[in-house]
Amino acid sequence: MTSTPTDSGGSGAGHGAGSGGGPRAVDHGGKPTLAVVGVTGAVGSVLRGLLSERENVWGEIRLIASPRSAGTKLALRGEQVEVLELTEEALDGADVVLLHVPEELAQRWAPVAVSKGAVVVDSSAAFRADPDVPLVVPEVNGHTARVRPRGIVAHPDCVTLAMIVAVGALHSEWGLDELIVSSYQAVSGSGPEGVRALREQLALVAGSELGTKPGDVRRAVSGTAPFPAPIALNVVPFAGELAADGWTSQELRLRDETRKVLDLPRLRVHATCVRVPVVTGHSLSVHARFESEVSVAAAHEILANAPGVVLCDDPAEGEFPTPADVAGTDPTWVGRVRTSPDDPRVLEFFVCGDNLRKGAALNTVQIAESVAAGL
């Protein structure tokens, strides 16, 4: 890591208006300017809703997208705001730039924004592993966003975010020693094509007697893309790309990101990532081993008081989180909290979170707000 101090992260140049058709400087009462790159689609819609609902810490909010969407108007803070084309001029004068674009675009445009004096908050995987880029979950390690040698702050993957707020709260009390998780990931994590595939396959199998003979579902749905197996009436124990030794990129990412967010570089993390026929909301079954003995009562107290966590744990009354119940909400929901009958230092629990809200849009907005508070 370099020793360059960074509150702005860039050269410090370029907070004025640009030339050549760029945005004009406007006085917004001293509030910072936010540029949001990638404002269409499911995550873009959630982003705009969050920016309209939350405390208004921004002066100008600039909406930026591809040439295909430029010129359209989208609702934001009670107004219709015209979408700008992604150009260097569109980033002029921005204090914070939110990037919700594919990895290759983030690698291209993040340095451009930083060179203009902006702090970049990137949602892609482009910079997550970079030691000079903090990987931030505000409820867990928000302070790390203050030191950003490259002028960039990274946002974890949506699966990591589904569990890390709850795990982080417990780690702060007991010290995490080992983590074994299985994920149950919604198809929206694969984008619109994943949702479309699930709905199309469900339509093909609805009302049938399929699912009772080998391969009958696969034959009925024909193609399975973007998944390697049918997702209707099924679960698929594979998410991401095949990596070394039979692991998937999603499983290794969950391991690496958990280590970085918790600042536990040698933490033992074992993950199996599974795709399930759910539209929105990732869930994880968590086996967490700590340095100290644990109890359900103490875990309940920790989780009930943790920012960004809702405890929903009364199995006798049928109360525990499910993705169908938490979709459209912001917190991490936790239930089925149990101590291990074989190890007094192990806690078992189940978590759910909306992968489009906290898992994508909300965490980046929270990071941007924390950065803005320090400008």
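The following paragraphs examine the structure supplied in this document.

Here the focus is the overall build of the chain. When its secondary structure is counted, the chain shows 10 helices and 14 strands. For 375 residues, the compact-globule estimate of 2.2 N^0.38 gives 21 Å, and the chain sits close to it at 22 Å. Oriented by its inertia axes, the alpha-carbon framework of the chain measures out at about 65 × 50 × 40 Å. For the chain, the residues scored as buried account for 51% of the 375 residues in total.

Right, let's talk about the packing of helix 4 (residues 158-174) against helix 7 (residues 249-262) for a bit. Relative to each other, helix 4 and helix 7 sit at 35°, their axes nearing to 11 Å. Pair helix 4 / helix 7 crosses with right-handed handedness. Residues Val159, Thr160, Met163, Ile164, Val167, Gly168 and His171 of helix 4 form the contact with helix 7, whose participating residues are Gln250, Arg253, Leu254, Glu257, Thr258, Val261 and Leu262. Here the residues of the contact of helix 4 with helix 7 are counted per class, giving 7 nonpolar, 5 polar and 2 charged.

Right, let's talk about the pairing of strand 9 (residues 176-185) for a bit. Sheet topology places strand 9 next to strand 11 (residues 282-290); 8 bridges connect them, and they run antiparallel. Bridging across to strand 11, Leu176 finds its partner in Phe290.

Turning our attention to the packing of aromatic side chains. This structure, assessed with the given rule, holds 2 aromatic pairs. Between Trp174 and Phe290, the aromatic rings sit 5.5 Å apart at their centres with planes inclined by 65°, giving edge-to-face as the arrangement. Of the two residues, Trp174 is situated in helix 4 and Phe290 in strand 11; the sequence distance between them amounts to 116 residues. The same class applies to Trp174 and to Phe290, which are both buried. An angle of 40° between the planes, with centres 6.2 Å apart, marks the rings of Tyr184 and Phe350 as tilted. Taken as a pair, Tyr184 in strand 9 and Phe350 in strand 14 (residues 346-353) lie far apart in primary sequence, 166 residues in all. Judged by relative accessible area, Phe350 falls into the partly exposed class, the value being 21%.

The next point concerns helix 1 (residues 41-53). For helix 1, with 13 residues, the first-to-last C-alpha span of 18 Å sits near the 18 Å given by 1.5 Å per residue. Of the positions making up helix 1, those classed as buried are Gly44, Val46, Leu47, Arg48, Leu50 and Leu51. At its buried positions, helix 1 is contacted by strand 1 (34-37), strand 2 (61-65), strand 3 (73-76), strand 6 (96-99) and helix 10 (357-373).

The next subject is the environment of Val120. Along the chain, Val120 turns up in strand 7 (residues 119-122). Those residues in contact with Val120, other than ones at most four positions away along the chain, are Val97, Leu99, Ala110, Ala113, Val114, Gly151, Ile152 and Val153.

What follows concerns the environment of Asp122. Tracing the backbone through its elements, the reader meets Asp122 in strand 7. Along the primary structure Asp122 and Leu135 are separated by 13 residues, whereas in three dimensions their C-alpha atoms are 9.7 Å apart. With residues near it in sequence (within four places) discarded, Asp122 still touches Leu99, Ala106, Phe127, Ile152, Val153, Ala154 and His155. Within polar-contact distance, the side chain of Asp122 engages the side chain of Ser124 at 2.7 Å.

Bringing the sheet that holds strand 5 (residues 84-85) into the picture now. Strand order across the open sheet formed by 6 strands is 5-2-1-6-7-8, with parallel pairing between neighbours. Both edges of this open sheet fall to strand 5 and strand 8 (152-154), since each of them pairs with a single strand only. Across 4 bridges, the pairing between strand 1 and strand 6 is parallel. Within strand 6, the residue paired with Val37 across the bridge is Leu99. Sheet strands touched by helix 1: strand 1, strand 2 and strand 6. Its angle to strand 1, the strand with the most contacts, is close to 160°. This element, helix 10, spans strand 6, strand 7 and strand 8 of the sheet and lies at about 170° to strand 6.

The tally for this structure, following the rule as stated, stands at 13 salt bridges. Here Lys358 and Glu139 are joined by a salt bridge, their closest N and O atoms 2.8 Å apart. Of the two residues, Lys358 is situated in helix 10 and Glu139 in helix 3 (residues 138-141); the sequence distance between them amounts to 219 residues. On the basis of relative accessible area, Glu139 is assigned to the partly exposed category, the value being 26%. Note that Arg253 and Asp157 form a salt bridge whose closest N and O atoms lie 3.6 Å from each other. Here Arg253 is found in helix 7, whereas its partner Asp157 is found in the loop between strand 8 and helix 4, with 96 residues between them in sequence.

Criteria and cut-off values
Each chain carries its own residue numbering, running from 1 in the direction its sequence is written. Local features are withheld for residues below a pLDDT of 70 in this predicted model, meaning they are given only at 70 or higher, and side-chain atom pairs are given and counted only at 80 or more; totals for whole chains, interfaces and linings count all residues. As a rule here, side-chain values come from all non-hydrogen atoms in the structure, and water together with hydrogens is ignored. Here a strand is any run of E in DSSP of at least two residues, a helix any run of H or I of at least four, and the numbering for each starts at the N terminus. As a reference, a globule follows 2.2 Å times the number of residues to the power 0.38, and the radius of gyration itself is taken over C-alpha atoms. In this scheme, a residue with accessible area under 20% of its type's maximum is buried, one over 50% is exposed, and one in between is partly exposed, where area comes from a 1.4 Å probe on protein chains only. Interaxial angles span 0 to 180 degrees and are taken between N-to-C directions of axes, which are lines fitted to C-alpha atoms, for helices over the stretch in contact. Crossings are assigned a handedness: left-handed for a near helix turned anticlockwise from the far helix by less than a right angle, right-handed for a clockwise turn. By the convention used here, residues are in contact when the closest approach between their heavy atoms is within 4.5 Å. Each residue is assigned to one class: nonpolar for Ala, Val, Leu, Ile, Met, Phe, Trp, Tyr, Cys and Pro, charged for Asp, Glu, Lys and Arg, and polar for all the others, Gly among them. Pairing between two strands is assigned when DSSP locates at least 2 bridges connecting them. Here is the rule: rings of Phe, Tyr and Trp (six-membered ring for Trp) pair when centre to centre is within 6.5 Å. Planes less than 30 degrees apart are stacked, more than 60 are edge-to-face, and the remainder are tilted. Here, expected helix span is obtained from the residue count minus one, scaled by 1.5 Å. In protein, a polar contact means a hydrogen-donor-capable atom and an acceptor-capable atom, both N or O and within 3.5 Å, with residues adjacent in sequence counting only if both atoms are side-chain atoms; elsewhere, any N or O pair within 3.5 Å suffices. For this document, the term salt bridge refers to a Lys or Arg side-chain nitrogen within 4 Å of an Asp or Glu carboxyl oxygen.

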